[in-house]
Amino acid sequence: MKPRKLDVDHLRDWPVRPRPKFMVAGPCSVESEAQVLQTALHLAAYDVAVLRGGIWKPRTHPGSFEGIGVPGLAWLKKAGIAAGLPVTTEAANPYHVEQCLKAGIDILWIGARTTTNPFAVQEIADALRGVNIPVMVKNPMNADLELWIGAIERIHNAGITKIMAVHRGFSIYRPSSYRNPPIWRIPIELRRRLPELPLICDPSHICGSRARIAAIAQEAMDFLFDGLMIEVHCAPAMARSDAAQQLTPSQYGKLLRRLHYPLAGDGTRRSSAVRALRKEIDAIDDELIALLARRMECATRIGSWKRNHNVPLLQLERWEHVLHDRVQRSVKRHLSASFARELFEHIHEEALAVQEQIPAATERNPDPPAAPIDNATDELESPASTTTLNCRN
Ligand code: PEP
Ligand code: MN
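This section reports on the structure supplied with the text. (Residues numbered from 1 in each chain as written. Chains lettered and ligands numbered in written order. Predicted model: local features only at pLDDT ≥ 70, side-chain atom pairs only at ≥ 80, totals over all residues. Heavy atoms only, no water.)

### What to know about the coordination of the manganese ion (ligand 2)
Alright, step 1. Listed as protein donors to the manganese ion (ligand 2) are Cys28 (SG), His205 (NE2), Glu231 (OE) and Asp242 (OD); their distances from the metal cover 2.1 to 2.4 Å.
Alright, step 2. One chain supplies every donor to the manganese ion (ligand 2), and in sequence these donors are spaced C-x176-H-x25-E-x10-D. Of the two residues, Cys28 is situated in the loop between strand E1 (22-26) and helix H1 (33-43) and Glu231 in strand E8 (residues 227-231); the sequence distance between them amounts to 203 residues.
Alright, step 3. By relative accessible area, which is 1% here, Glu231 ends up buried. (Donors = N, O, S within 2.8 Å, 3.2 Å for Na, K, Ca; no water. Helix = DSSP H or I, 4+ residues; strand = E, 2+ residues; numbered from the N terminus. Buried < 20%, exposed > 50% of the residue type's maximum accessible area, 1.4 Å probe, protein only.)

Put into structure tokens, the structure is as follows:
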């Protein structure tokens, strides 16, 4: 799909001073007037552009702390004024929007669970019509770029011109050492499709614990994100939500001091070594594509055989063997197991899809051969282009 233009304001037109990037920091939840004030005043000593604090918290289980509610808005705003910072909080419905506007909240964000639901996003967009407040849109819980873009479009269609996307990781079915693993290709594709849309990263909700926040923050900087959203609490151990992932203000300061910011633009063009390596990569990709095409041709011929002999397309035992074997081989060559697994899952899925296109034998031939499978060997159909193939699969 071609990049399409979204008429949004440039980050320099936001009522926010990037220091040096668009850094949003503050507690997961506003808990008390003193907690948010103390956090804000400590934070003000470091590079921070916007103070965050959740007022209504979308919790997985009822009975958990679900946010302090409306009184917290005034505490947040007061803390922002004391620290000289604009403030932001999550709005998940028109009532939240109304209360935030009344309290003078400077920027709203739409949480991941809300972005997942177009009805909810539309209700928020309708409540925002006629008000030009900046809105940050977190990615949906599931790795669905269109849903994320759809939410951004709904807010944009309501007349909002200051919109920002926030990559906060995705909920996946596989066990992971992240709370919500980042899937960088999705925000990178978002940037390709909507290059003018500011984009920041929320390493706190990606990691779920303090340990890797700095590494994810650095990755985001290396991928030229415009900033970060990081949860910071004056006493993380006492936090009423997301205690394990909140940093102290001084840990936040230390993280920022260690970040390095690559310069925008393709500086790599200056290097002849990089140019040579890129040529090599182009040639390797060419080979990869040719190999994949050959592999699919083999799968097609096997698919015809399966169809002719009324054999199920999915051969689970064979697939388990292939997956295990390929992951092991990849690891021996220092490729990561998760990368190899995902790659071969994609390849296998595509091979099955290609085989699925082949009409079933009963549709092509109302009287299929009744020969037992063991006797029916080696009658692979030979499409013109594949006669010389050496298929081992
Ligand atoms: C948050 O930022 O506190 C939050 C709940 O975020 P998300 O919607 O990304 O889970
Ligand atoms: Mn949180």
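### Topic: the layout of surface pockets
Alright, step 1. Quantified by volume, the second largest pocket comes out at close to 740 Å³.
Alright, step 2. If you trace the second largest pocket, you find 21 residues lining it, with Arg174, Ile183, Arg185, Ser338 and Glu342 closest to the centre.
Alright, step 3. At the level of elements, helix H7 (185-193) and helix H13 (337-356) are the ones that each hand at least two residues to the lining of the second largest pocket.
Alright, step 4. Among the elements that line the lining of the second largest pocket, the one with the most residues is H13, at eight residues.
Alright, step 5. When grouped by side-chain class, the residues that make up the lining of the second largest pocket number twelve nonpolar, three polar and six charged. (1 Å grid on protein atoms, 1.4 Å probe; cavity = no way out; pocket = protein on both sides within 12 Å on 5 of 7 lines; lining within 4 Å. Points joined across faces, edges and corners; volume = space filled by probe spheres on them. Nonpolar A, V, L, I, M, F, W, Y, C, P; charged D, E, K, R; others polar.)

### Comments concerning the packing of aromatic side chains
Alright, step 1. On inspection of all chains with the given rule, the structure shows three aromatic pairs.
Alright, step 2. Centre to centre, the rings of Trp14 and Phe22 are 5.5 Å apart; their planes meet at 80°, and the pair counts as edge-to-face. Summarising the burial analysis for this pair, Trp14 and Phe22 share the class buried.
Alright, step 3. On the numbers, 5.1 Å between centres and 75° between planes, the contact of Trp184 with Phe223 is edge-to-face. Here Phe223 lies in the loop between helix H9 (213-222) and E8 and Trp184 lies in the loop between strand E6 (163-167) and H7, a separation of 39 residues in the sequence.
Alright, step 4. Each residue in the set Trp184, Phe223 and Phe225 is aromatic and connected to the rest through ring pairs, giving one cluster.
Alright, step 5. One cation-aromatic arrangement involves Arg212 over Tyr178; the distance from NZ or CZ to the ring centre is 4.0 Å. (Phe/Tyr/Trp six-rings, centres within 6.5 Å; stacked < 30°, edge-to-face > 60°. Lys NZ or Arg CZ within 6 Å of the ring centre and 35° of its normal.)

### Digging into the site of ligand 1
Alright, step 1. Near ligand 1 you find Cys28, Arg52, Lys57, Glu90, Trp109, Gly111, Ala112, Arg113, Lys138, Arg168, His205 and Glu231, and these make up its full shell.
Alright, step 2. For ligand 1, an oxygen atom lies 2.7 Å from a polar atom in the side chain of Lys57.
Alright, step 3. Between an oxygen atom of ligand 1 and a side-chain N or O atom of His205, the distance comes to 3.4 Å.
Alright, step 4. Here ligand 1 has 290 Å² of accessible area as a free molecule, and 97% of this is covered by the chains.
Alright, step 5. Residues that form the shell around ligand 1 fall into these classes: three nonpolar, two polar and seven charged. (Near = heavy atom within 4 Å. Polar contact = N/O pair within 3.5 Å; in protein donor to acceptor, adjacent residues only side chain to side chain. Areas by Shrake-Rupley, 256 points an atom, 1.4 Å probe, with all protein chains shown as cover.)

### A short note on the pairing of strand E3 (residues 87-90)
Side-chain direction in a regular strand flips from residue to residue, so the side chains alternate between the two faces of the sheet.
Alright, step 1. Burial along E3 is two-sided: Val87 and Thr89 and Thr88 and Glu90, pointing in opposite directions, are all buried.
Alright, step 2. Alignment of strand E2 (residues 50-52) against E3, held across two bridges, turns out to be parallel. Looking at the pairing, Leu51 lines up with Val87 of E3.
Alright, step 3. Taken together, E2, helix H2 (residues 71-83) and E3 constitute a β-α-β crossover, and its handedness is right-handed.
Alright, step 4. Of the strand pairs in this sheet, E3 and strand E4 (residues 107-110) are connected by three bridges, and their pairing is parallel. (Pairing = 2+ DSSP bridges. Right-handed = clockwise from strand over helix to strand, strands pointing away.)

### What about the packing of H1 against H2?
Alright, step 1. With their axes 9 Å apart at the nearest point, H1 and H2 run at an angle of 25° to one another. On the basis of the axis angle, H1 is roughly parallel to H2. Two packed elements cross with a definite hand, and for H1 against H2 that hand is right-handed. Seen from H1, the contacting residues are Glu33, Val36, Leu37, Ala40 and Leu41; seen from H2, they are Trp75, Leu76, Lys78, Ala79, Ala82 and Ala83.
Alright, step 2. Within the contact of H1 with H2, the residues separate by chemical class into nine nonpolar, no polar and two charged. (Axes fitted to C-alpha atoms, helices over the stretch in contact; angles between N-to-C directions. Parallel < 35°, antiparallel > 145°, perpendicular 65-115°, else oblique. Left-handed = near helix turned anticlockwise from the far one by under 90°. Contact = heavy atoms within 4.5 Å.)

### Here's the deal with a negative patch on the surface
Alright, step 1. On the surface, Asp282, Asp285, Asp286 and Glu287 cluster together into a patch of negative charge.
Alright, step 2. Mapped onto the secondary structure, Glu287 falls in helix H11 (residues 272-308). (Patch = residues over 30% accessible without salt bridge, like charges linked within 9 Å, V, L, I, M, F, W, Y side chains within 5 Å. Salt bridge = Lys/Arg side-chain N within 4 Å of Asp/Glu carboxyl O. Lys, Arg positive; Asp, Glu negative; His and termini not counted. Charge placed at Lys NZ, Arg CZ, Asp CG, Glu CD.)

### Some points on the sheet that holds strand E5 (residues 135-138)
Alright, step 1. One closed barrel holds the eight strands; their spatial order is E1-E2-E3-E4-E5-E6-E7-E8, and the pairing between them is parallel. Adjacent strand axes in the sheet meet at a mean angle of 25°, parallel and antiparallel pairs treated alike.
Alright, step 2. With four bridges connecting them, E5 and E6 associate as parallel partners. Following the sheet pairing, Val135 is matched in E6 by Ile163.

### Let's talk about unusual backbone geometry
Alright, step 1. A positive phi angle is found at Leu224, which is not glycine, with a value near 60°.
Alright, step 2. Looking at where Leu224 falls in the secondary structure, it is placed in the loop between H9 and E8.
Alright, step 3. A relative accessible area of 31% means that Leu224 is categorised as partly exposed.
Alright, step 4. With a phi close to 50°, Asp242 is a non-glycine residue in the positive phi region.
Alright, step 5. Take Asp242: it is sitting in the loop between E8 and helix H10 (249-258).

Functional significance is not addressed by these values, which are geometric in nature.
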